[in-house]
Structures are given as C-alpha cells and as structure tokens.
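Survey of secondary and tertiary structure
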Amino acid sequence: MPGFELFGATERKHVNDVLETGIMMRYGFDGPRKGIWKAKELEQALCQKLGCQYAQLVSSGTAALTTAMAALGIGYGDEVIMPAFTFVASFEAVLSVGAVPVLCDVDDTLTLNPEAVRQLITPKTKCVMPVHMCGSMANMDALLLLCKEHNLLLLEDACQSFGATYKGQYLGTIGDAGTFSFDFVKTITCAEGGAIVTNREDVYINSDGYSDHGHDHKGADRGADLHPFIGYNYRISELHAAVGLAQISRLEEFLSIQKRNHSQLKSILSQVPEVSFRRIPDPSGDSCTFLCWFLPNAAVTKAVVAELKAQNILAGNFYWFDNNWHYIRKWDHLKNMITLNALHPELKTAVQAQANKDFSASDAVMSRCICTSISLTWTEEQVKEKGEKIVGVIKKVLSEQPVSA
Ligand SMILES: Cc1ncc(COP(=O)(O)O)c(C=O)c1O
C-alpha cells in the first residue's frame, strides 16, 4: 500500500534541495532559501492534482483534522457525527476543539450508514464527518443530501484515501473541507504530514493561520504579522514537504500498481463462494489500498484469523473488530473518558453517553470483515501465492465449520 515502499531517487533529490540551502522552515528566510519552497510547491501540486482551490499542509493528518474543525468553527456545544470504525485520530480531533463525537454505525461500505446518520441528527449537530476508510469511499450522494437538508457542515476524513475518487471527484474535495494524512504508511508519504483541502476561502485562511500560531501571513516579516485569532503550531517542515513533493509525482504509478494487485487478489478470493466483498459506492474510484472481504459469520472469521496466524501469514491481513485503534469495541479510554487534563463534566458525560451506545449493527459487519493491505512491491507470483494460501485457510476452516446456505 504505502509509498514508502518505493522511496528512491526522486525523494532523495527533493530532500537534497532542502539540505543544500539548510532552510528547513516553510515560512520566511526568503533570501537564503534560494527559491526552494517545497511546502508551497506541494500545496500547489495538491490543488492541481485534486482540482480544488486551496490546500494547507500541516504536520500530520491528526493536525489536519483538528485544524479543519477549528477552521469550520466547530467547538463547544457542537456535535460531530462520525463512524464507529475509523482511526482514533478522528475522535481525538473532535475532542480537541471541545465538541462531542457522536459515534455512528457503519454498513457494508465500512463507512457511515446514511440512515443511521439521519437518526442521530439533533439541534446540536454541526457537522457530519465521513471517514473514507481503507482507500475507498462513503456514500457521498446520500450524505451530501442529508447535510443539505439539515444545513450541516460536511468534513471528509480522507486520511486513508488519497487519490480515490467518487463519481469523478477526488475524495476530500467534495464537502466543505477534507483532510489527508501523509504519515509513513499512507498512499503517499511525507514521513509525517497532512493537509486540509477546501474550495472555501474562509476555511483556507483560517487553516493557514490556525496551523501557525494565528499568523496572518500577509507580509514578508513574520515578526510584523498580525494575529487575528489564537492558533497553534501544526507546521510541516520543508524536509517533510520535499518527500511529499516527490511522492505526489508518483501517485499514478502507485495507484496503478495497487489496482493491478487488488484485482488479481480479488479474483483469487472470489473462487470461494462463501467470501463476499465490501460494497464500494463507486468501484471505479477505489484507490485499492486494501481488499476488504467478508465471511459468513463471526465464528468462521475468527477461526480464519486464528489459522492465518498459526500458519504465520496473518501479517497484512487486518481484523479490525479486534484492533485496539480502529474500532469502538476496544476504545476503553474513550468509553471511560480517561484524559490527562480535566474536562468540563458536561462534555465528559455527553461523550461517554455516545461511546457506550449499542453498536451491534456495526459489530455484525466488522466481526465478519478482514482487510488485506495491498503492497506496491508484490510480484504477480507473490499475489498468486498469497491469495492461494488465504483461500487454503478459508477452505480448511469451512471444512471444519460448515456454513449452512
Ligand atoms: C482515518 C484516519 N484519520 C486520521 C489519521 C491521522 O493521521 P496521522 O497519522 O497523519 O496523524 C489516520 C492515520 O492513520 C487515519 O487512518
């Protein structure tokens, strides 16, 4: 899956450009940097690639989400509807601006179930935040309609789905704002980094200032900048941006390898009638970083995971249902609101009420799902071998635990 697998000469060249000047900060130092502006160039490349108006690079995907929340004016008293299957960063960002993450069931798209979202809308709802998990997308038409009907903001957490599209539009560019992660294991990497993209000028200006202590960035002298609002430091460095600039130039190469390996693996797993696949609202837009598949029930799925482990071939196959970081079931720190700093009791109570709800509809999906991450380095032979080994494991388990039709 990740671009780091193919790190090479292009990445080294861009990093060396920065090392030559020694200017590793993205702002200022206009003279000594000798025309090298990697962060600015990467922001332009993002806009050009994604067809959006504005991009703001930051230090991580988590910082991008936090910045986007603040830039959209989400805060105290607001509720943000988000899925129960995501990475913890999604709710961390909501909490960081003092809002309440309202966890919502996912369906067989592994993303927000639009009907479940509808049930959760209250007068406090300010934003719907779909998370485009594992390289593929939420049902954006349904969510856009809901947001329009209820006058809600739509923020796309596209951290895991850079380069994926929905009906011809890049994920992240469809709502009021979108975020990407360029951490080490994403489709393209900066080593660490993230971005907010938007077509709204106000959201961009807010993001630009918020991620750099509130600087208005209007003049050449940083010390003379005004601070129209309070911000923080979520800046990306030039070294990180340099890596990203190299990687974005290779995006199409990465995507085409992923698609080829994904399609080969899918056709091998399709041989087993008991295996079904994740529903993809627009299959042509899948970035194919993962192949997500379902087994008929939780018992068979658990047995398959155990057998993959026993045969030492579990690596790269994710059973999110048992994962500590990606699914509500294991988020005890959220369920008990264990924080280092004291929070307002009203916020604590509201969050605990959300995190301790019944998620049996999501459990029914997630307990049957395994996602296989797609490597950029696999050869055709290796995909065949991996696929056939997985098929062998599934067949073995099914012969021991037959599933009635
Ligand atoms: C869905 C999702 N959102 C946000 C993030 C946070 O990105 P980062 O690791 O760059 O902070 C991640 C990272 O894995 C993610 O998967």
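All of the points below concern the structure found in this document. Just so we're clear, the structure is a prediction, and the values are computed from it rather than from any experiment.

**A few points about the site of the ligand**
With respect to spatial proximity, 16 residues lie near the ligand, and among them Gly 61, Thr 62, Ser 181, Asp 183 and Lys 186 are the closest. The side chain of Lys 186 places a nitrogen or oxygen atom 2.7 Å from an oxygen atom of the ligand. Out of a free accessible area of 390 Å², the ligand has 92% covered by protein chains. The class makeup of the residues in the shell around the ligand is six nonpolar, seven polar and three charged.

**Focus: the environment of Ile 121**
The topology assignment puts Ile 121 in the loop between α5 (114-120) and β4 (125-128). Each C-alpha atom, one on Ile 121 and one on Lys 384, is 46 Å from the other, the two residues being 263 residues apart in sequence. Apart from residues no more than four positions distant in its own chain, Ile 121 is found in contact with Ile 81, Leu 146, His 150 and Leu 152.

**Observations regarding the packing of helix α9 (residues 251-269) against helix α14 (residues 380-400)**
Axis separation between α9 and α14 bottoms out at 9 Å; the angle between their running directions is 30 degrees. Here α9 lies roughly parallel to α14, going by the angle between them. Judged by the sense of rotation from one axis to the other, the crossing of α9 with α14 is right-handed. Mapping the contact onto sequence places Asn 261, Gln 264, Leu 265, Ile 268 and Leu 269 in α9 and Glu 380, Val 383, Lys 384, Gly 387, Glu 388, Ile 390 and Val 391 in α14. For the contact of α9 with α14, a count of residues per class yields six nonpolar, three polar and three charged.

**Observations regarding helix α4 (residues 89-96)**
Given 3.6 residues to a turn, an α-helix orients residues that are three or four positions apart in the same direction. Among all positions of α4, only Ala 89, Ser 90, Phe 91, Ala 93 and Val 94 are buried. Contact partners of the buried residues in α4: α3 (61-71), β2 (79-83), β3 (100-104), β5 (153-157) and α11 (332-335). After α4 finishes, the residue Gly 98 shows a positive phi value of roughly 85 degrees.

**A look at the environment of Gly 387**
By the element assignment, Gly 387 lies in helix α14. Remark: the alpha-carbon pair of Gly 387 and Leu 265, spanning 122 residues in sequence, is separated by 5.7 Å.

**Focus: a nonpolar patch on the surface**
A grouping of Phe 4, Phe 184 and Val 185 is seen on the molecular surface, where their side chains present a nonpolar patch of about 250 Å² in accessible area. Along the chain, Phe 184 turns up in the loop between β8 (177-181) and β9 (194-198). Under the relative-accessibility criterion, Phe 184 is labelled partly exposed at 45%.

**Some remarks on the pattern of salt bridges**
Throughout the structure, instances matching the rule amount to 23 salt bridges. Note that Asp 176 and Arg 200 form a salt bridge whose closest N and O atoms lie 3.0 Å from each other. Of this pair, Asp 176 sits in the loop between β7 (169-170) and β8 while Arg 200 sits in the loop between β9 and α7 (201-210), and the two are 24 residues apart along the sequence. Residue classification places Arg 200 among the partly exposed residues on the basis of a relative accessible area of 28%. For Glu 307, the salt bridge identified is with Lys 396, shortest N-O distance 3.3 Å. Remark: Lys 396 occurs in helix α14 and Glu 307 occurs in helix α10 (residues 298-310); sequence separation between them is 89 residues. According to the relative accessible area criterion, Glu 307 is buried, its value standing at 17%. Through salt bridges with shared partners, one network takes in Glu 11, Arg 250 and Glu 253.

**Details of the sheet that holds strand β13 (residues 369-373)**
Paired through backbone hydrogen bonds, the strands of a sheet run either parallel or antiparallel to each other. In spatial order, the strands read β10-β11-β13-β12; together these four strands make up an open sheet with antiparallel pairing. Each having just a single partner strand, β10 (276-277) and β12 (317-318) make up the two edges of the open sheet. With two bridges connecting them, β12 and β13 associate as antiparallel partners. By the bridge assignment for β13, Phe 318 is matched with Cys 371. Docked against the sheet, α9 engages β10, β11 (290-294) and β13, running at close to 15 degrees with respect to β11.

**Focus on the state of the cysteines**
Working definition: the covalent bond between the sulfur atoms of two cysteines is a disulfide. The tally for this structure, following the rule as stated, stands at one disulfide. Free of any disulfide, Cys 104 has its nearest cysteine sulfur in Cys 147, 12 Å distant.

**Quick notes on unusual backbone geometry**
At His 213, a position not held by glycine, the phi torsion is positive, near 60 degrees. The topology assignment puts His 213 in the loop between α7 and α8 (238-248). Unusually for a residue other than glycine, His 217 sits at a positive phi of about 55 degrees. Relative to the elements of secondary structure, His 217 occurs in the loop between α7 and α8. Judged by relative accessible area, which is 21%, His 217 ranks as partly exposed.

What counts and how
Residues numbered from 1 in each chain as written. Predicted model: local features only at pLDDT ≥ 70, side-chain atom pairs only at ≥ 80, totals over all residues. Heavy atoms only, no water. Near = heavy atom within 4 Å. Polar contact = N/O pair within 3.5 Å; in protein donor to acceptor, adjacent residues only side chain to side chain. Areas by Shrake-Rupley, 256 points an atom, 1.4 Å probe, with all protein chains shown as cover. Nonpolar A, V, L, I, M, F, W, Y, C, P; charged D, E, K, R; others polar. Helix = DSSP H or I, 4+ residues; strand = E, 2+ residues; numbered from the N terminus. Contact = heavy atoms within 4.5 Å. Axes fitted to C-alpha atoms, helices over the stretch in contact; angles between N-to-C directions. Parallel < 35°, antiparallel > 145°, perpendicular 65-115°, else oblique. Left-handed = near helix turned anticlockwise from the far one by under 90°. Buried < 20%, exposed > 50% of the residue type's maximum accessible area, 1.4 Å probe, protein only. Patch = residues over 30% accessible without salt bridge, like charges linked within 9 Å, V, L, I, M, F, W, Y side chains within 5 Å. Salt bridge = Lys/Arg side-chain N within 4 Å of Asp/Glu carboxyl O. Pairing = 2+ DSSP bridges. Disulfide = S-S within 2.5 Å.

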